[in-house]
Amino acid sequence: MMLFNRRTPLWACALLALATPAWGNNGYRLWLGESQDLPAVSTIEMSGDSPTLRIAADELRRSLPTLPTPVLLAKANDPALASLRLDTRSMGAEGYRVQRANVGGREVMLVTGTSDVGVLYGAFALLRHINSGGDATQIALASAPQTKLRILNHWDNLDGVVERGYAGQSLWDWWLLPDYKDPRYADYARANASLGINGTVLNNVNAKAESLTAPYIAKAAALADVFRPYGIKVYLSVRFSAPIEIGGLKTADPRDPQVAAWWKAKADEIYRAIPDFGGFLVKANSEGQPGPRDYDASHADGANTLAAAVAPHGGIVMWRAFVYADTDPDDRAKQAYTEFKPLDGTFADNVLVQVKNGAIDFQPREPFHPLFGAMPKTPLVMEFQITKEYLGFATHLAYLGPMFEEVLDAETGVRRGETVASVVTGKADGHRLSGMAGVANIGRDRDWSGSTFNQANWYVFGRMAWDPTLSSEAIAREWAAQTFGKDPVVIDTAVAMMMRSREAVVDYTGPLGLAHLFASGHHYGPGPWISDLGRPEWNPVYYHRADRNGIGFDRTRTGSNAVAQYAPSLAKRYANPKTTPAEDLLWFHHLPWDYKMPDGKTLWEEMVHRYDRGVSEVRAMRAQWATVKSRVDAERWEKTDTYLGIQEREALWWRDASLAYWMSINGLSLPAGSAAPQHDLEWYKQQRFPFAPGNPQ
Ligand code: GCV
């Protein structure tokens, strides 16, 4: 995978280094190994031996520039380190320390942790420090993960199609597994380990029962064998009705002893093949998936039956709270809370409830999900979507760091200082288990994520799962330096583009708290006019409620009263449009078009302003990217430039189609200086994209 290694002749490296800006780079190397220094000549030593320690040493040999002292990799309990009296408690099971130390009378750069994987994380931290411009003479790094489970969720189907995947087919070649283990699997594990990601759910939450059959367990076991030395555990999504479909039972009722026995036997079978199997992820009674509610049993009944099956092996169950039903006339945004909050305290010890960041569905902006802070007796896993289903697929540049940060930093209002991050890390309520899950944006595209800048979303997810208090801007900076090299102009430009990018998408797709205005099924492009889908809450008109008089979803007492699901201080703030942040205004309120915004503009004027701003932000990003043309390799520069061109065209499409529609509803004209849409509304309504990617047909 690396271009340089210790055996590369120096003259070849020098030539390549000189050629860097023009040299083709297809992005395969991700943020690893883009150091523009000459090859590593540091001395790398290991005390002890294990496959994981060897990987750590190899990583440093591949791309650590020269350090003044030899680097020593050793576990903290190594007798050679006894005199250092290392504080192993602060390292925990997976943390690390990298520091200068005198070991056996010699000055070394010590990379240590209480476990092999801790040492590996330390090695990657050292590389990150050096390759993102850190001082090589002042190295003192120490960190331990704040969440226990840092997991990618692959929505990969067994036929190779990735639901909401925009980077090609699934990485997993289920057909050739377990025999052929594509070398790319190790590269995948390596990239994840560099961020501290320690788990991967291999298959789609819309699961097929077949993934639990013996041949597929063997395939998953083959992947687990590759991932193990990188500290990554394998998990599977399960179909709740599997006991019927592949077990031959008449029911999947979780209270039925035969069903419980089936799950137990299945778990035993899996653990025989994968002794360190992580556990199950379950989407139940959601969007047509079977679940315990089919038998009048609760989500806790379902989760606990599966949990009992994996518990003897140390496994866990992540049970998703993404539920809503067309039989429930209540506001969709309220339904998960209504169903799950009363279950707090009834889940088994090894169950975590996995909650999307917002109460609807991965929109470009949603207020944080009210379940965070509302289930203190249950560990809650944060589920983010890294793949950009609603933020322009792989083509649009939208760095998700600020969105993750916004949600994690939000105060729940339940207790002083309690943030969503403190709930997710388990600190707020003292949970043993904690976790963060990201719906992966990874496929077989050469650059893994469909575009260079999408790699940053994988990166920032991993870094924030490790430590949710890290700053998204600092992470963007370290990613850019490792990805593009040390040219400060390129780094500053990339970071500036990234930091404005998500807000731009919000502006041109759904400003001021509007949500779910996407075309049906594939979610590609605007469809705010759609009103004829089978279930009310699948229609954009359900969400924006625009009429001649106003727009927005009234979630106050006069409407669905969803605000009451938040802690009293927040409920009070959100109940009043004057104290609701402008970003969330129409999420919580239905307001007249001439509602006065704080700056004196009418709501309509402000909306138009934001649509226009979104388009001009994309133009500005494109112009900024043009300034670094000679400083970035041609291949990545050109692909990014082409994608920004697509984004500019599509941002305008979103803006024009949306404004044409709103004007057809409110009868208003555009404020002076704002250009008329390029086409009439009918034209936008007629656009069809039957083969848009990522949409299960
Ligand atoms: C895996 C949204 C997506 C679905 C996805 C679902 C979920 O509705 O559009 O593709 O299904 O979320 O998170 O389960």
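That block above? That's the structure.
Each chain carries its own residue numbering, running from 1 in the written order of its sequence. Local features in this predicted model are restricted to residues of pLDDT 70 or higher, and side-chain atom pairs are both shown and tallied only at a pLDDT of 80 or more, whereas totals for entire chains, interfaces and linings draw on every residue. Excluding hydrogens and water, the side-chain figures rest on all heavy atoms present in the structure.

Caption draft 1: Representation of the overall build of the protein chain within the structure. Each helix and strand counted, the protein chain has 21 helices and 15 strands in total. The globule rule used for comparison is 2.2 Å times the number of residues to the exponent 0.38, while the radius of gyration itself is calculated over C-alpha atoms. The C-alpha atoms of the protein chain give a radius of gyration of 26 Å, which matches the 26 Å a tight globule of 697 residues would have. Projecting the C-alpha coordinates of the protein chain onto the three principal axes gives extents of approximately 80 × 65 × 50 Å. With a 1.4 Å probe rolled over the protein chains alone, any residue whose accessible area is under 20% of its type maximum counts as buried; one over 50% counts as exposed, and the rest are partly exposed. Relative to its 697 residues, the protein chain shows a buried fraction of 62%. Every residue pair with non-hydrogen atoms within 4.5 Å of one another is taken to be in contact. Looking at the protein chain alone, contacts between residues at least 24 apart form 71% of all its contacts between residues at least 6 apart. Numbering of helices and strands runs from the N terminus, with a helix taken as a DSSP run of H or I at least four residues long and a strand as a DSSP run of E at least two residues long.

Caption draft 2: Expanded view of the packing of aromatic side chains. Only centres within 6.5 Å qualify two rings of Phe, Tyr or Trp (six-membered ring in Trp) as a pair; their planes then separate them into stacked at under 30 degrees, edge-to-face at over 60, and tilted for everything else. On inspection of all chains with the given rule, the structure shows 44 aromatic pairs. On the basis of an interplanar angle of 5 degrees and a centroid distance of 6.5 Å, the ring pair of Phe340 and Phe347 is categorised as stacked. Neither Phe340 nor Phe347 differs from the other in exposure class; each is buried. Members of the aromatic cluster, connected to one another through ring pairs, are Tyr28, Trp31, Trp172, Tyr185, Tyr188, Phe227, Trp448, Trp458 and Tyr459. Think of it as a cone above the ring: NZ of Lys or CZ of Arg counts as a charge over the ring if it is within 6 Å of the ring centre and within 35 degrees of the ring normal. If you follow Lys219 out to its NZ or CZ, it ends over the ring of Tyr216, 5.3 Å from the centre. We note Arg545 situated over the ring of Phe553; from NZ or CZ to the ring centre the distance is 3.8 Å.

Caption draft 3: The arrangement of the site of the ligand in detail. Taken together, 14 residues are adjacent to the ligand, and Glu163, Lys283, Arg320, Lys356 and Glu389 come closest. Here an oxygen atom of the ligand and a side-chain polar atom of Arg320 are 2.7 Å apart. Methods summary: accessible areas were calculated by the Shrake-Rupley approach with a probe of 1.4 Å, and residue burial reflects only the protein chains presented. Burial of the ligand by the surrounding chains reaches 97%, relative to a free accessible area of 340 Å². Its residues placed into classes, the shell around the ligand shows three nonpolar, three polar and eight charged. Being near a molecule or strand, for a residue, comes down to having at least one heavy atom within 4 Å of it. Polar contacts, as counted here, are pairs of nitrogen or oxygen atoms within 3.5 Å of one another; within protein the pair requires one atom able to donate a hydrogen and one able to accept it, and residues that are adjacent in sequence qualify only if both atoms are side-chain atoms. Polarity classes work like this: nonpolar for Ala, Val, Leu, Ile, Met, Phe, Trp, Tyr, Cys and Pro, charged for Asp, Glu, Lys and Arg, and polar for all others, with Gly in that last group.

Caption draft 4: Expanded view of the pairing of strand 10 (residues 316-320). Across the five residues of strand 10, five count as buried, placing the element largely inside the fold. In terms of strand pairing, strand 9 (residues 279-282) meets strand 10 through four bridges, oriented parallel. Bridge pairing in strand 10 links Phe280 to Val317. Following the chain from strand 9 across helix 9 (residues 299-310) to the adjacent parallel strand 10, one finds a crossover that is right-handed. Here a strand pair is declared whenever DSSP counts at least two bridges between the two strands. As paired elements, strand 10 and strand 11 (residues 351-356) share four bridges and run parallel to each other. The residue bridging Trp319 from the neighbouring strand is Val353, located in strand 11. With the strands pointing away from the viewer, any crossover whose connection runs clockwise from the first strand over the helix to the second is right-handed. The parallel pair strand 10 and strand 11, bridged by helix 10 (residues 332-340), forms a crossover whose chirality is right-handed.

Caption draft 5: Main features of the nonpolar core. Membership of the largest hydrophobic core comes to 217 residues, with the highest contact counts inside it found for Leu126, Phe227, Phe280, Trp458 and Trp662. Sorting elements by how many residues they give to this core places helix 20 (residues 634-666) first, with 13 residues. Within the second largest apolar cluster, ten residues are counted, among which are Ala76, Leu81, Met91 and Val103. Definition of nonpolar core: a set of buried residues of the types Ala, Val, Leu, Ile, Met, Phe, Trp, Tyr and Cys, connected through side-chain atoms within 4.5 Å.

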